[in-house]
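# Survey of secondary and tertiary structure
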Amino acid sequence: MTEHRPAALSDRERAVLAMERRSWPGPGAKERAIREQLDLSPVRYYQLLNALLDDERALAHDPVTVNRLRRLRADRESRR
């Protein structure tokens, strides 16, 4: 019996996670980088990021970043 392996993350998905690992000097720098480096609108970027936080492949690829962002998201949701 062969083991089913989920497809690897795409280059764009890995780039989104890499963007989240970086620190940003001030307001606007991250949004500018999202547009210039990933050719995405910030809204689309955050939609992709949110989906990645629920993706086990992303957790396997970068557990530190994904778990940190999951905690931040849970904190925001608990304050609503």
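That block above? That's the structure.
The text that follows walks through the structure, step by step, so that each part is easy to find. Just so it is clear, the model here is predicted, and its values are computed rather than measured.

### A closer look at the packing of helix α1 (residues 11–21) against helix α5 (residues 63–78)
Axis separation between α1 and α5 bottoms out at 10 Å; the angle between their running directions is 70°. Relative to α5, α1 is oriented roughly perpendicular. When α1 is examined against α5, the residues L17, E20 and R21 are found in contact with a partner set consisting of T65, V66, R68 and L69. Looking at side-chain class alone, the contact of α1 with α5 contains three nonpolar, one polar and three charged residues.

### Some words on the environment of E31
Its place among the elements puts E31 in helix α2 (residues 29–38). Given a relative accessible area of 31%, E31 falls into the partly exposed group.

### Observations regarding the side chain of D62
Relative to the helices and strands, D62 is located in the loop between α4 (56–61) and α5. Under the relative-accessibility criterion, D62 is labelled buried at 8%. A distance of 2.9 Å separates the side chain of D62 from the side chain of T65, its partner in a polar contact. In contact with D62, not counting residues within four places along its chain, are L17 and R21.

### Things to note about the environment of H61
As for its placement among the helices and strands, H61 is situated in helix α4. Apart from residues lying up to four places away in sequence, H61 is in contact with L9, R14 and L17.

### Observations regarding the packing of aromatic side chains
Applying the stated rule across the entire model yields one aromatic pair. On the numbers, 5.0 Å between centres and 85° between planes, the contact of Y45 with Y46 is edge-to-face. On the basis of relative accessible area, Y46 is assigned to the partly exposed category, the value being 34%.

Reading guide: rules and limits
Sequence positions are assigned chain by chain, starting from 1 and proceeding in written order. Confidence filtering applies because this is a predicted model: local features only for residues at pLDDT of at least 70, side-chain atom pairs given and counted only at 80 or more, and all residues used for totals across whole chains, interfaces and linings. Hydrogens and waters are ignored; side-chain quantities use all the structure's heavy atoms. Throughout, an axis means a line fitted to C-alpha atoms (over the contacting stretch in the case of helices), and angles, computed between N-to-C directions, take values from 0 to 180 degrees. Helix numbering and strand numbering both begin at the N terminus, where a helix is a DSSP run of H or I of at least 4 residues and a strand a DSSP run of E of at least 2. Here the angle decides the label: under 35 degrees means roughly parallel, over 145 means roughly antiparallel, 65 to 115 means roughly perpendicular, and every other value means oblique. For this analysis, residues touch if any pair of their heavy atoms sits within 4.5 Å. For this classification, the nonpolar set comprises Ala, Val, Leu, Ile, Met, Phe, Trp, Tyr, Cys and Pro, the charged set comprises Asp, Glu, Lys and Arg, and every other residue, Gly included, is treated as polar. Remark: exposure states derive from per-residue accessible area (1.4 Å probe, protein chains only) relative to the maximum for the residue type, with buried under 20%, exposed over 50%, and partly exposed in between. Pairs of N or O atoms are called polar contacts if they sit within 3.5 Å, as long as, within protein, a hydrogen donor faces a hydrogen acceptor (for residues adjacent in sequence, only side-chain-to-side-chain pairs). Between rings of Phe, Tyr and Trp, where Trp is taken as its six-membered ring, a pair exists when centres lie within 6.5 Å; planes separated by under 30 degrees are stacked, by over 60 edge-to-face, and by other angles tilted.

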